[in-house]
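Spelled out, the chains give:
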Amino acid sequence: MPSDPSPAITLRGVRKEFPGGVVAVHDLDLDIADGEFVTLLGPSGSGKTTVLRLIAGFESPTAGTISLAGRDVTRNAPFDRDVHTVFQDYALFPHLSVLRNVEYPLRIAGVDRAERRRRALEALATVRLDAMAERAPTALSGGQRQRVALARALVDRPAVLLLDEPLGALDLKLREQMQVELKQIQRASGITFVLVTHDQDEALTLADRVVVFNDGRVEQAGSAQEVYERPVSAFVAGFVGTSNVLGSEAAQAIIGRAGSWSVRPEKIAISDPTDPVPAGRSAALGVVEELVYTGPTTRCVVELDAGGQLSVLLLAGPEDDKVPDRGARVRLTWRHDHEVPLHQ
Ligand code: ADP
Ligand code: MG
């Protein structure tokens, strides 16, 4: 009977303690499927880069095992792992042309000249830079340089590509454009991508699965939708999206249950306090504290009578939308199934 294909990456009980006692990664268990696009999301210092470096073999774990495609590589050197890494700072050879940069891994592997050239040009075409093959990296923009780094990492078709904040140095417009390209390249190549970012939009946009890190531990792993709509903790609710958490007292007063609860801003409707509350909804009275206009949306921060604040996202529509004034008394309502209980 054929067994299930092994995951591309398996981490079991992986722990990394640095000299001086910093535990960067605590007993991490993680499986990443072949061909999956996973993002590791978390604040600075939460252990994301350390996890990538452990997978790549630049660090070795204090405890636990790392397998690639079912092979235990815990003690293998980086070159003995079918993995490439793309860093934020590109790390191109400035004295070599774009083409020679991309050919480099093939040259090391002893691939002959004609074949090298053919495959390097093919990789450059993937990132739409084949027309710039003869240029020096210094004659390229930041976004183009990052695409060369990507082509170089893809040229010998590794099983796994690790990307550490690869778009971090780019401005917002270029980042968004490169996000779309990364997604397309990943889909077309079928290579397993693990991308580290502290940017929640980037993490949600790119990934089949988002792994949220906090202090060296996985807080939650799931699809973008799961992590956003069903955060398991106050940390995830706050780090992924606007923190909209009802504390225990407010929750008791409004939904009749203790504990912390989260409601996403776009799930909340705003109405006049005298309007009837529709069936199946929780309701809370409050005062509009702040209005933040961004064009298509207005964020409305409401100070609740029961304590705490909730943000409400109002989307400008084709009709004239009613945005309350600052200081107005309002009623917020939301469906019971949009109340998400948090573990902490
Ligand atoms: P992130 O990539 O999420 O910002 P890192 O993996 O770089 O986080 O770091 C996680 C923790 O490990 C931090 O506290 C950091 O200071 C520490 N750390 C990382 N590398 C080293 C090292 N080589 N020596 C000592 N401490 C380190
Ligand atoms: Mg990092």
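Up top is the structure.
Scoring rules and cut-offs
- Residues numbered from 1 in each chain as written.
- Chains lettered and ligands numbered in written order.
- Predicted model: local features only at pLDDT ≥ 70, side-chain atom pairs only at ≥ 80, totals over all residues.
- Heavy atoms only, no water.
- Helix = DSSP H or I, 4+ residues; strand = E, 2+ residues; numbered from the N terminus.
- Buried < 20%, exposed > 50% of the residue type's maximum accessible area, 1.4 Å probe, protein only.
- Contact = heavy atoms within 4.5 Å.
- Areas by Shrake-Rupley, 256 points an atom, 1.4 Å probe, with all protein chains shown as cover.
- Lys, Arg positive; Asp, Glu negative; His and termini not counted.
- Charge placed at Lys NZ, Arg CZ, Asp CG, Glu CD.
- Pairing = 2+ DSSP bridges.
- Phe/Tyr/Trp six-rings, centres within 6.5 Å; stacked < 30°, edge-to-face > 60°.
- Lys NZ or Arg CZ within 6 Å of the ring centre and 35° of its normal.
- Near = heavy atom within 4 Å.
- Polar contact = N/O pair within 3.5 Å; in protein donor to acceptor, adjacent residues only side chain to side chain.
- Nonpolar A, V, L, I, M, F, W, Y, C, P; charged D, E, K, R; others polar.
- Axes fitted to C-alpha atoms, helices over the stretch in contact; angles between N-to-C directions.
- 1 Å grid on protein atoms, 1.4 Å probe; cavity = no way out; pocket = protein on both sides within 12 Å on 5 of 7 lines; lining within 4 Å.
- Points joined across faces, edges and corners; volume = space filled by probe spheres on them.
- Core = buried A, V, L, I, M, F, W, Y, C linked by side-chain atoms within 4.5 Å.

1. Brief notes about the overall build of the protein
Phase 1: A tally of helices and strands in the protein yields nine helices and 18 strands.
Phase 2: Considered along the principal axes of its C-alpha atoms, the protein spans approximately 80 × 50 × 45 Å.
Phase 3: Across the 344 residues in the protein, those meeting the buried criterion constitute 46%.
Phase 4: In the protein, 63% of the contacts between residues at least 6 apart in sequence involve partners at least 24 apart.
Phase 5: Counting only carbon and sulfur atoms, one obtains 50% of the accessible surface of the protein, whose full area is about 16700 Å².
Phase 6: Taking the average place of the 38 positive charges on the side chains of the protein and the average place of its 46 negative ones, the gap between the two points comes to 6 Å.

2. Details of the pairing of strand E15 (residues 297–304)
Phase 1: The buried fraction of E15 is high, at six of eight residues.
Phase 2: As defined by bridge partners, strand E14 (residues 281–293) adjoins E15 across seven bridges and the pair is classed as antiparallel. Bridging across to E15, Val-292 finds its partner in Arg-299.
Phase 3: Pairing geometry for E15 and strand E16 (residues 309–315), over seven bridges, is antiparallel.

3. What to know about the packing of aromatic side chains
Phase 1: This model, assessed by the stated rule, comprises four aromatic pairs.
Phase 2: Lying over the aromatic face of Phe-93, Arg-152 brings its terminal NZ or CZ to 5.6 Å of the ring centre.
Phase 3: Over the aromatic face of Tyr-228 sits the side chain of Arg-264, whose NZ or CZ is 4.2 Å from the ring centroid.

4. Here's the deal with the site of ligand 1
Phase 1: Around ligand 1, the neighbouring residues are Phe-18, Val-22, Ala-24, Pro-43, Ser-44, Gly-45, Ser-46, Gly-47, Lys-48, Thr-49 and Thr-50.
Phase 2: A distance of 2.6 Å separates an oxygen atom of ligand 1 from a polar backbone atom of Gly-45.
Phase 3: For ligand 1, whose free accessible area comes to 560 Å², the fraction covered by protein is 60%.
Phase 4: The biggest single contributor to the shell around ligand 1 is helix H1 (residues 48–56), with three residues.
Phase 5: Grouping the amino acids of the shell around ligand 1 by side-chain chemistry returns four nonpolar, six polar and one charged.

5. Description of the sheet that holds strand E5 (residues 71–72)
Within a sheet, neighbouring strands are paired by backbone hydrogen bonds and run either parallel or antiparallel to one another.
Phase 1: If you walk across this open sheet you meet the four strands as E2-E1-E4-E5, and the pairing is antiparallel. The sheet terminates laterally at strand E2 (23–32) and E5, the two strands that pair on one side only.
Phase 2: By the bridge criterion, six bridges tie strand E1 (residues 9–17) to E2 in an arrangement that is antiparallel. Each bridged residue has a counterpart across the sheet, and for Ile-9 the counterpart in E2 is Ile-32.
Phase 3: Here H1 sits on the sheet and contacts E1, E2 and strand E4 (63–68); the angle it forms with E1, its principal contact strand, is near 120°.

6. Digging into unusual backbone geometry
Phase 1: The backbone of Arg-157 sits at a positive phi, close to 45°, despite the residue not being glycine.
Phase 2: Tracing the backbone through its elements, the reader meets Arg-157 in the loop between helix H4 (142–154) and strand E7 (160–164).
Phase 3: We classify Arg-157 as exposed; its relative accessible area is 53%.
Phase 4: The backbone of Glu-165 shows a phi angle near 45°, a positive value even though the residue is not glycine.
Phase 5: Among the structural elements, Glu-165 can be located in the loop between E7 and helix H5 (172–189).

7. A word on the environment of Tyr-228
Phase 1: In this fold, Tyr-228 is placed in helix H7 (residues 224–229).
Phase 2: For Tyr-228, a relative accessible area of 18% gives the class buried.
Phase 3: Spatially, the C-alpha atoms of Tyr-228 and Thr-242 are 9.9 Å apart, while their sequence positions differ by 14 residues.
Phase 4: Those residues in contact with Tyr-228 that sit more than four places away from it in its chain are Leu-204, Val-240, Gly-241, Arg-264, Pro-265 and Glu-266.

8. Details of the layout of surface pockets
Phase 1: Here the largest pocket is characterised by a volume of approximately 660 Å³.
Phase 2: Lining of the largest pocket is provided by 20 residues; of these, Val-83, His-84, Thr-85, Pro-105 and Asp-156 occupy positions nearest its centre.
Phase 3: Taken together, the elements giving at least two residues each to the lining of the largest pocket come down to strand E6 (83–86), helix H2 (98–108) and H4.
Phase 4: Looking at the lining of the largest pocket element by element, the count peaks at four residues for E6.

9. Looking at the nonpolar core
Phase 1: One finds Val-102, Leu-124, Leu-150, Leu-161, Leu-163, Leu-182 and Phe-193 to be the most contacted residues of the largest nonpolar core, which totals 35 residues.
Phase 2: Mapped onto this core, the elements with two or more residues apiece are H2, helix H3 (113–126), H4, E7, H5 and strand E8 (192–197).
Phase 3: Counting residues per element, this core draws most heavily on H4, at six residues.
Phase 4: Counting residues in hydrophobic clusters, the runner-up holds 26 residues, among them Val-14, Val-38, Leu-40 and Val-73.

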